[in-house]
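Tertiary structure, described
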Amino acid sequence: MIRRAKIGEIPEILTITKACAANMVKKGIHQWNEHYPSQNAFEKDIEREELYVLESDNSILGTIVISTLMDEEYVPITWLTSHGNNVYIHRLSIHPRYQGKGYAQRLMDFAEKYARQNGFISVRLDTFSQNRRNQKFYETRGYQKLGDIYFPKQSTYPFHCYELLL
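An account of the accompanying structure is given in this report. (Residues numbered from 1 in each chain as written. Predicted model: local features only at pLDDT ≥ 70, side-chain atom pairs only at ≥ 80, totals over all residues. Heavy atoms only, no water.)

1. Quick notes on the overall build of the protein
Rules: Numbering of helices and strands runs from the N terminus; a helix is a DSSP stretch of H or I covering at least four residues, while a strand is a stretch of E covering at least two. The globule rule is 2.2 Å times the number of residues to the power 0.38, and the radius of gyration it is compared with is taken over C-alpha atoms. Think of it in three bands: residues with accessible area under 20% of the maximum for their type are buried, residues over 50% are exposed, and the middle band is partly exposed, with areas taken using a 1.4 Å probe on protein chains only. The contact definition used throughout considers only heavy atoms, calling two residues in contact when any of these lie within 4.5 Å. Accessible areas in this description were obtained via Shrake-Rupley with a 1.4 Å probe; residue shielding takes into account the shown protein chains only. The positive count covers Lys and Arg only, the negative count covers Asp and Glu only, and His and the chain ends enter neither. The atoms used to mark charge sites are NZ of Lys, CZ of Arg, CG of Asp and CD of Glu.
Per the secondary structure count, the protein includes 4 helices and 7 strands. Shown N-terminal to C-terminal, the secondary structure of the protein runs as helices and strands in the order β-α-α-β-β-β-α-β-α-β-β. A compact globule built from 166 residues would reach a C-alpha radius of gyration of about 15 Å, and the protein, at 15 Å, matches this within 12%. Expressed as lengths along the three principal axes of its C-alpha atoms, the size of the protein is roughly 40 × 35 × 30 Å. In the protein, buried positions account for 49% of the 166 residues. For the protein, long-range pairs separated by at least 24 residues make up 68% of all intrachain contacts whose partners lie at least 6 apart in sequence. As displayed, the protein offers around 8700 Å² of accessible surface, 48% of which is attributable to carbon and sulfur atoms. On the protein, the mean spot of the 21 positive side-chain charges and the mean spot of the 19 negative ones are 6 Å from each other.

2. Details of the packing of aromatic side chains
Test applied: Aromatic pairing here means that ring centres of Phe, Tyr or Trp (its six-membered ring) are within 6.5 Å. Orientation follows from the plane angle: under 30 degrees is stacked, over 60 is edge-to-face, and everything else is tilted. Put simply, a charge is over a ring when the Lys NZ or the Arg CZ is close to the ring centre, within 6 Å, and near the line of the ring normal, within 35 degrees.
Counted under the stated rule, the structure contains 11 aromatic pairs. On the numbers, 5.7 Å between centres and 70° between planes, the contact of Y138 with Y143 is edge-to-face. According to the relative accessible area criterion, Y138 is buried, its value standing at 5%. The rings of F128, F151, Y157 and F159 are connected pair by pair, giving a single aromatic cluster. The residue whose ring lies beneath R91 is F42, and the NZ or CZ to ring-centre distance is 6.0 Å.

3. Describing the nonpolar core
Here is the rule we go by: Among the buried residues, those of types Ala, Val, Leu, Ile, Met, Phe, Trp, Tyr and Cys that are joined through side-chain atoms within 4.5 Å form a nonpolar core.
Counting residues in hydrophobic clusters, the biggest one holds 26 residues, and the most contacted among them are I13, L51 and I149. Ranked by residues supplied to this core, first place goes to helix α1 (residues 10-26) with 7 residues. Setting aside chain neighbours within four positions, we find I149 in contact with E73, Y74, I77, D126, P158, F159 and C161. Listed in part, the 22 residues of the second largest apolar core include L54, A111, Y143 and L164.

4. Thoughts on the environment of G102
Here G102 shows up in the loop between β4 (86-94) and α3 (103-117). With 69 residues separating them in the primary sequence, G102 and N33 have C-alpha atoms 25 Å apart.

5. A look at the pairing of strand β7 (residues 159-165)
Note the cut-off: For two strands to count as paired, DSSP must find a minimum of two bridges between them.
Burial within β7 is extensive, with 6 of its 7 residues counted as buried. Here strand β5 (residues 122-128) runs beside β7; their pairing, made up of 7 bridges, is antiparallel. Residue pairing in the sheet places L125 in a bridge with Y162 of β7. Relative to β7, strand β6 (residues 144-149) is paired through 5 bridges, and the arrangement is antiparallel. Looking at the pairing, I149 lines up with F159 of β7.

6. Re the pattern of salt bridges
The cut-off we apply is this: Counted as salt bridges are all cases of a side-chain nitrogen of Lys or Arg within 4 Å of a carboxyl oxygen of Asp or Glu.
Counting across every chain of the model gives 8 salt bridges. R141 is the partner of E112 in a salt bridge, and the nearest nitrogen-oxygen pair spans 2.8 Å. In this pair, E112 sits in helix α3 while R141 sits in the loop between α4 (132-140) and β6, placing the two residues 29 residues apart along the sequence. The pair formed by E112 and R141 is uniform in burial state, with each residue classed as buried. When salt bridges with common partners are traced through the structure, they connect D45, R48, E50 and R91 into a single cluster.

Structure (structure tokens):
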């Protein structure tokens with residue numbers, strides 16, 4: 001089941017994202033760290049009703065943020081569509097114990113369906129340039145790579161921006 005997250009679930013959500021970060025570091029992918037994702041970010045996501053969790057047997061397996069706010073880092077990108085009627089995906093995570101079972105696909109299916117049902121024209125996101133698995137994941141779903149942005153608190157390497165036309 002996919003549903004909106006609750007404020008009391010943030011500790012469990014942070015356990016998942018920390019496990020994801022540690023798993024990526026083991027693979028040489030320094031995408032998430034002690035600065036990101038943060039408790040503060042998740043609290044804001046919940047306040048805006050944009051954080052969703054994938055739940056099974058009363059356990060949270062993963063997260064996704066579906067937002068209408070464009071980060072200022074995205075401004076320099078030449079997007080395929082005009083601004084204002086797009087959703088932005090952030091903080092997609094699946095606990096490493098449950099990765100490789102199609103759960104990330106389910107969360108993205110949910111986000112894209114949500115966007116279509118609510119009249120948005122595209123889905124935008126970024127992924128770390130050193131995370132080839134994520135790039136393949138989004139490209140296989142039809143996302144087009146458009147340019148690079150930087151998050152200095154996360155890495156000196158760029159993040160690739162992608163957009164899917166709906």
